[in-house]
Amino acid sequence: MVGATDASAQAYPNRVIRIVHGFAAGGAADTLSRIMADGLSKELGQTVIVDPKPGAGGNIASDAVARSAPDGYTLGLVTGGHAISAALYKSLPYQPVDGFEMISTIVYYALVIATRSDYQAKTLGDLIALAKAKPGTLNFGSVGFGSTHHLVGELLKTTAGIDVVHVPYRGDSQAITALLSGDVPFIVGTSVLLAPQIEGGAVRGLAVTSSQRSALLPNVPSADEAGLKGFDVRTWAGLLAPKGTPPDIVAALNKAVQSSLADPDIKARLETAIGGQVRGSTPAEMRALLVSEIAKWTKVIDTAGVPKL
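Counting starts from 1 at the beginning of each chain's written sequence and moves along it residue by residue. This being a predicted model, a pLDDT of at least 70 is required before a residue's local features are given, and a value of 80 or more before pairs of side-chain atoms are given or counted; all residues contribute to the totals for chains, interfaces and linings. Values reported for side chains reflect all heavy atoms of the structure, with hydrogen atoms and water molecules removed beforehand.

Caption draft 1: Highlighting the pattern of salt bridges. Put simply, a salt bridge is a Lys or Arg side-chain nitrogen that is within 4 Å of an Asp or Glu carboxyl oxygen. Following the criterion strictly, the structure yields 18 salt bridges and no others. Notably, a salt bridge pairs Arg 213 with Glu 225, separated by 2.8 Å at the nearest N-O pair. Here Glu 225 lies in the loop between β8 (203-208) and β9 (234-242) and Arg 213 lies in the loop between β8 and β9, a separation of twelve residues in the sequence. Exposure classes here rest on a 1.4 Å probe applied to the protein chains alone. A residue is buried below 20% of its type maximum, exposed above 50%, and partly exposed in between. Taking relative accessible area as the criterion, Arg 213 reaches 42% and is therefore assigned partly exposed. Judged by relative accessible area, Glu 225 falls into the partly exposed class, the value being 47%. Between Asp 224 and Lys 229 there is a salt bridge whose closest N-O contact spans 3.8 Å. On the basis of relative accessibility, which here comes to 24%, the residue Asp 224 falls in the partly exposed class. Several salt bridges converge on common partners, so that one network encompasses Arg 18, Asp 51 and Lys 53. For the purposes of this entry, the term helix denotes a DSSP run of H or I that reaches at least four residues, the term strand denotes a run of E that reaches at least two, and both are numbered from the N terminus.

Caption draft 2: Representation of the pairing of strand β3 (residues 74-79) within the structure. Among the six residues in β3, six count as buried, and that is most of the element. What makes two strands pair is DSSP finding at least two bridges between them. Summarising the sheet, strand β1 (residues 17-21) and β3 pair through three bridges and their orientation is parallel. In the sheet register, Ile 19 faces β3, and the bridge partner there is Leu 75. Sheet topology places β3 next to β9; four bridges connect them, and they run antiparallel.

Caption draft 3: Spatial organisation of helix α5 (residues 124-133). For α5, the full list of buried residues reads Leu 124, Leu 127, Ile 128, Leu 130 and Ala 131. Projected down its long axis, α5 shows its buried positions confined to an angular sector of 160 degrees, all on one face. Turned more than 90 degrees away from the buried face of α5 sit Lys 132 and Ala 133, all of them exposed. Residues count as neighbours in contact if any of their non-hydrogen atoms are within 4.5 Å of one another. Its buried side turned inward, α5 meets β4 (100-116), α6 (148-160), β7 (186-190) and β8. The directions from the helix axis to the C-beta atoms are what the arc is built from.

Caption draft 4: Looking closely at the packing of aromatic side chains. A pair of Phe, Tyr and Trp rings is counted when the ring centres sit within 6.5 Å of each other, with Trp represented by its six-membered ring. The angle between the planes then sorts it: under 30 degrees is stacked, over 60 is edge-to-face, the rest tilted. Tallied over the full model, the rule gives three aromatic pairs. Ring plane angle 70 degrees and centroid distance 5.9 Å describe the contact between Tyr 94 and Phe 100, whose orientation is recorded as edge-to-face. Residue Tyr 94 is classed as buried on the basis of its relative accessible area, which comes to 5%. To sit over a ring, a charge needs its Lys NZ or Arg CZ within 6 Å of the ring centre and within 35 degrees of the ring normal. Directly above the ring of Tyr 73 sits Arg 15, whose terminal nitrogen or CZ lies 3.8 Å from the centroid. Looking at Arg 279, its charged tip hangs above the ring of Tyr 108, at a distance of 4.2 Å from the centre.

Caption draft 5: The arrangement of the confidence of the model for the protein chain in detail. Per residue, pLDDT captures the predictor's confidence, and it can take any value from 0 to 100. Across the protein chain, pLDDT averages 93, with 97% of residues at or above 70. Taken as a whole, residues 1-7 scores under 50 in pLDDT and shows six contacts with residues more than four places along the chain or in a different chain.

Caption draft 6: Focus on unusual backbone geometry. Following Tyr 12, the chain continues into Pro 13 via a peptide bond in cis, with omega recorded as -5 degrees. Relative to the helices and strands, Pro 13 resides in the loop between α1 (4-11) and β1.

Caption draft 7: Local environment of the nonpolar core. Among the nonpolar cores identified, the biggest contains 49 residues, and Leu 124, Leu 127, Leu 228 and Trp 297 are the most heavily contacted of them. When sequence neighbours within four positions are dropped, the list of residues in contact with Leu 228 reads Leu 124, Ile 128, Leu 156, Thr 159, Ala 160 and Ala 223. Ranked by size, the runner-up nonpolar core spans 32 residues in total, among them Tyr 109, Ala 237, Ile 249 and Ile 274. Buried Ala, Val, Leu, Ile, Met, Phe, Trp, Tyr and Cys residues form a nonpolar core when they are joined through side-chain atoms within 4.5 Å.

Caption draft 8: Structural context of the side chain of Asp 63. Within the fold, Asp 63 resides in helix α3 (residues 59-66). You can call Asp 63 buried: its relative accessible area is 15%. Setting aside its immediate chain neighbours within four residues, Asp 63 contacts Pro 93 and Tyr 94.

Caption draft 9: Representation of the packing of α6 against helix α11 (residues 283-304) in the model. At a minimum axis distance of 10 Å, the contact between α6 and α11 shows a crossing angle of 60 degrees. It follows that α6 is oblique to α11 by the angle criterion. Crossing handedness for the pair α6 and α11: left-handed. Counted together, Thr 148, Leu 151, Val 152, Glu 154, Leu 155 and Thr 158 of α6 and Trp 297, Val 300, Ile 301, Thr 303 and Ala 304 of α11 form the full contact between these two elements. The class makeup of the residues in the contact of α6 with α11 is seven nonpolar, three polar and one charged. All axes here are fitted lines through C-alpha atoms, helices being fitted over the stretch that makes contact, and every angle between N-to-C directions spans 0 to 180 degrees. For classification purposes, an angle smaller than 35 degrees is called roughly parallel, one larger than 145 roughly antiparallel, one from 65 to 115 roughly perpendicular, and anything else oblique. Handedness of a helix crossing follows the sense of rotation of the near helix relative to the far helix, less than a right angle counterclockwise being left-handed and clockwise being right-handed. When residue character is reported, Ala, Val, Leu, Ile, Met, Phe, Trp, Tyr, Cys and Pro are called nonpolar, Asp, Glu, Lys and Arg charged, and the others, Gly included, polar.

Caption draft 10: Fine view of α6. What a helix is expected to span follows from its residue count: subtract one and scale by 1.5 Å. For α6, built from 13 residues, the straight-helix expectation of 18 Å at 1.5 Å per residue is met to within 8% by its first-to-last C-alpha distance of 18 Å. Within α6, eleven of the 13 residues are buried, leaving the element largely enclosed by the surrounding structure. Among all positions in α6, only Thr 148, His 149, His 150, Leu 151, Val 152, Gly 153, Glu 154, Leu 155, Leu 156, Lys 157 and Ala 160 are buried. Where α6 terminates, the next one or two residues include Gly 161, which has phi positive at roughly 70 degrees.

Next comes the structure, spelled out in structure tokens:
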């Protein structure tokens with residue numbers, strides 16, 4: 001006798017699958033979702049569409065996925081911001097870990113601490129020395145309050161023992177514009193979007209936020225090389241499904257993700273899109289990552305005194 005989950009897996013998928021994400025069309029999450037939609041469509045033999053639901057740092061989309069039918073036809077692409085929301089918000093309309101079935105991680109990528117090329121700080125050490133000499137007077141920009149970029153800046157403050165003031169902007173483009181116009185002396189930005197400015201000489205990359213250099217920015221030192229020993233922050237993206245999605249369907253989706261990530265074209269497109277590293281996982285490994293990330297960012301938020309929402 002064929003069990004219910006076996007039957008559902010054999011019939012799956014027989015209609016369109018949606019990938020929901022919580023960020024603006026054309027951004028990194030949207031690009032990653034569309035590349036994965038192509039890969040999954042090929043592997044599963046079914047149309048996969050992308051459904052952006054931007055707002056509230058991805059929380060609107062996560063809530064929509066959590067409330068969807070657990071049948072494998074609504075998936076969520078989440079970033080490291082999913083863990084930050086769990087740490088930053090006093091309450092959420094969904095359970096960040098237990099409200100979902102994890103499928104697989106997809107990519108990891110570092111951010112970059114950058115100044116304008118003509119700014120007096122030529123190294124991360126110079127910037128830290130300036131901040132220590134003038135506590136509370138230097139500003140740094142990010143893509144918004146509660147973003148991974150913002151909290152990397154807060155972690156930099158506590159790790160380096162400096163007092164700098166966060167200035168939130170609405171997205172990378174506004175933060176980069178503010179940097180170039182001199183409104184802020186440095187930003188924590190997305191590597192792939194800053195790379196053309198760094199290569200063109202308008203912006204200086206002081207450090208990537210990982211412990212090793214980025215293939216996208218080989219001439220920019222790692223945070224470890226730049227003097228912040230043990231500083232290693234990479235954001236990530238992964239796929240999940242509503243709680244209660246049958247195990248056989250989760251397994252089928254995980255298999256399809258791994259096959260997609262092994263496809264040279266999909267892998268190259270993903271790495272080019274975010275300037276990072278493609279890395280899949282088991283559902284259990286993704287769950288463990290999320291739990292550890294929530295604990296890490298909770299500590300950063302509490303130590304830095306970032307007000308919870």
